[in-house]
There are 2 protein chains.
Amino acid sequence: MEGKAPRIPDSVVRRLPVYLRHLQSILENDVDTIASQTLGEALGLNPAQIRKDLAYFGAFGQKGVGYDVRFLILSIERILRIHRDVPVALIGAGRLGAALCLYNQIQVRSGQNRMRIISVFDRDPAKTGSVIGNVAVEPDTHLESALRSRNIRIAVIAVPASDAQEVADRLTVAGVTAMLNFAPVALRVPDSVHVRAADFTSELQSLAYYAFDE
Amino acid sequence: MEGKAPRIPDSVVRRLPVYLRHLQSILENDVDTIASQTLGEALGLNPAQIRKDLAYFGAFGQKGVGYDVRFLILSIERILRIHRDVPVALIGAGRLGAALCLYNQIQVRSGQNRMRIISVFDRDPAKTGSVIGNVAVEPDTHLESALRSRNIRIAVIAVPASDAQEVADRLTVAGVTAMLNFAPVALRVPDSVHVRAADFTSELQSLAYYAFDE
DNA sequence: TAGATTGTTAATCGATTAACAATC
DNA sequence: TAGATTGTTAATCGATTAACAATC
């Protein structure tokens, strides 16, 4: 009975966390209701785009009134599947990986985020057994069995570029379906796996183009 | 005489560093020439897109042959304005900022990147005066004067969300025209300033959507 | 009721892909 | 010359924005 599965553009999915974050922040200021116009002004987005984005998933507002902030927060959390804790793995416990892990723990503790890095792996025996915040670093030989037994579907790759493709391959086999890749290399994965590039160097380099068109 | 200024889509500008990185890596394997077809296969992109992207800036290939790897590397570096060292400022010397700074130094030292973080600022007097790798942390009171005197146009924002808008405002006044924002908040800046969001939490949250559509 | 604002359809805009003449 | 591959134009596809009836 479910009917059509409309296929949601990635650009829409990526804006949802932005909406969510702003809604959470205005809730602290006791704002109960918000119009797409107001939200758009705060985020620098077209209000029609916001309404259309939300309408992909249902009708969450009230005509003439706007959106109930609390209800919209809960709705977006359900859409994204982050209405409960989501276990995440981190591969690579170097400086960047460790910083991301500690940052994540702060966000989780303050209630801003339910994506939790609960497993960290590294191939370096010197790192294995050490602890980052409240998570122990495990040897990467445990990777496949640990991910499967903990039912982890999302992983952050923070290993050197030379190791990243091999890690992606192993993660794919272990059932991971979404990866955030900080290594400066393009990863090849099956169509069923989503990879998002999060490469510091590339971001900086592309910004140089805009910085100097005087 | 220069003629039309074609206005380049941001999606094109953001792919250039990806092309560049791959070209640099194949050069190490003594590949002298590459066809858009081959490059596309390696990066998971349509070869027509690669040719069109490059054609925005000129004709860099040879019909029937392909692109000379060395020449294309130099050409893309010039297009992006990274054919010489580019000074970058980092605001916020917390764990994430420090990790990014050290990571940047490794990349610069190994010759993979000419975007150099040469100035780091923090408002915490406990951090001021300390050193991250080979860069000293300066008090944020120096921000405007230091950026102007060093002619810095690009900045990385790695401060708490609550401080990020104020930092962006100050950077704008100080003449910064491109910012990479790691704080989990949408920044409002004049149209003349480019802000790129690089928010770990949002990226992870949007990935959750894809991880569970079983 | 009058004013405001949604949800949705239609119009616009822009980016990607296909096709192919030019040419190495 | 024959085969390969670019640069570019045209066709397609998809995303954003405008407009407005529905309705709170």
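Small disclaimer: the values here were computed from a predicted structure and weren't measured. (Residues numbered from 1 in each chain as written. Chains lettered and ligands numbered in written order. Predicted model: local features only at pLDDT ≥ 70, side-chain atom pairs only at ≥ 80, totals over all residues. Heavy atoms only, no water.)

K.L.:
I tried to follow the relation of the copies chain A and chain B on my own but got confused; where do I start?
P.N.:
Two copies of one chain are present, and they are related through a rotation about an axis combined with an axial shift. Superposing chain A onto chain B takes a rotation of 180 degrees combined with a translation of 0.0 Å along the rotation axis, leaving an RMSD of 0.0 Å. Expressed as a symmetry operation, the mapping of one chain copy onto the other fits a two-fold axis. Rotation axis and chain A: the residue whose C-alpha lies nearest the axis is A:Ala99, separated from it by 3.3 Å. Both copies contact each other with a shared surface, as 100% of the interface residues of chain A are interface residues in chain B too. (Least-squares fit on C-alpha atoms with pLDDT ≥ 70 in both. Contact = heavy atoms within 4.5 Å.)

K.L.:
Before we go on, may I ask you to explain the environment of B:Pro139 in this structure?
P.N.:
Residues and elements named next belong to chain B. Of note, proline 139 is situated in strand 7 (residues 135-139). We classify proline 139 as partly exposed; its relative accessible area is 23%. Separated by 14 residues in the primary sequence, proline 139 and proline 125 have C-alpha atoms spaced 7.0 Å apart. Setting aside its immediate chain neighbours within four residues, proline 139 contacts Phe121, Asp122 and Thr128. (Helix = DSSP H or I, 4+ residues; strand = E, 2+ residues; numbered from the N terminus. Buried < 20%, exposed > 50% of the residue type's maximum accessible area, 1.4 Å probe, protein only.)

K.L.:
Sorry, what's going on with the sheet that holds strand 10 (residues 194-197) of chain B here?
P.N.:
Pairing between sheet strands relies on hydrogen bonds along the backbone, with the strands arranged either parallel or antiparallel. The strand order across the open sheet built from seven strands is 6-7-5-4-8-9-10 (chain B), with neighbouring strands paired in mixed fashion. A single partner strand is all that each edge strand has here, and the edge strands are strand 6 (131-132) and strand 10 of chain B. Across the sheet, helix 8 (residues 200-211) of chain A is in contact with strand 4 (86-91), strand 5 (115-122), strand 8 (154-157), strand 9 (178-181) and strand 10 of chain B; its angle to strand 9 of chain B comes to roughly 155 degrees. Packing against the sheet, helix 5 (residues 95-109) of chain B makes contact with strand 4, strand 5, strand 6, strand 7 and strand 8 of chain B, and its axis sits at approximately 155 degrees to strand 5 of chain B. (Pairing = 2+ DSSP bridges. Axes fitted to C-alpha atoms, helices over the stretch in contact; angles between N-to-C directions.)

K.L.:
Sorry, what's going on with the packing of helix 1 (residues 10-27) of chain A against helix 2 (residues 36-43) of chain A here?
P.N.:
Pairs of packed helices are described in terms of their axes, by the angle between the two and the distance that separates them. Residue and element names in this part refer to chain A. Between helix 1 and helix 2, the shortest axis-to-axis distance is 11 Å and the interhelical angle comes to 100 degrees. The angle between helix 1 and helix 2 falls in the class roughly perpendicular. On the side of helix 1, the interface is formed by Val18, Tyr19 and His22, while helix 2 contributes Leu39, Ala42 and Leu43. (Parallel < 35°, antiparallel > 145°, perpendicular 65-115°, else oblique.)

K.L.:
Looking at this structure, how should I read the protein's contact with DNA strand D?
P.N.:
Surveying the vicinity of DNA strand D reveals 25 residues, the closest of which are A:Gln62, B:Ser36, B:Arg51, B:Gly61 and B:Tyr67. Near-protein atoms of DNA strand D (within 4 Å) split between backbone and bases, with sugar and phosphate holding 64%. Between DNA strand D and A:Gln49 there is a distance of 3.0 Å, counted from a sugar or linking oxygen to a side-chain nitrogen or oxygen. When residues of the surface near DNA strand D are traced back to their parent elements, those giving at least two are helix 1 and helix 3 (47-55) of chain A together with helix 3 (47-55), strand 2 (61-62) and strand 3 (66-68) of chain B. Residues belonging to the surface near DNA strand D are distributed by class as follows: seven nonpolar, 10 polar and eight charged. (Near = heavy atom within 4 Å. Polar contact = N/O pair within 3.5 Å; in protein donor to acceptor, adjacent residues only side chain to side chain. Nonpolar A, V, L, I, M, F, W, Y, C, P; charged D, E, K, R; others polar.)

Purely geometric numbers; function is a separate question.
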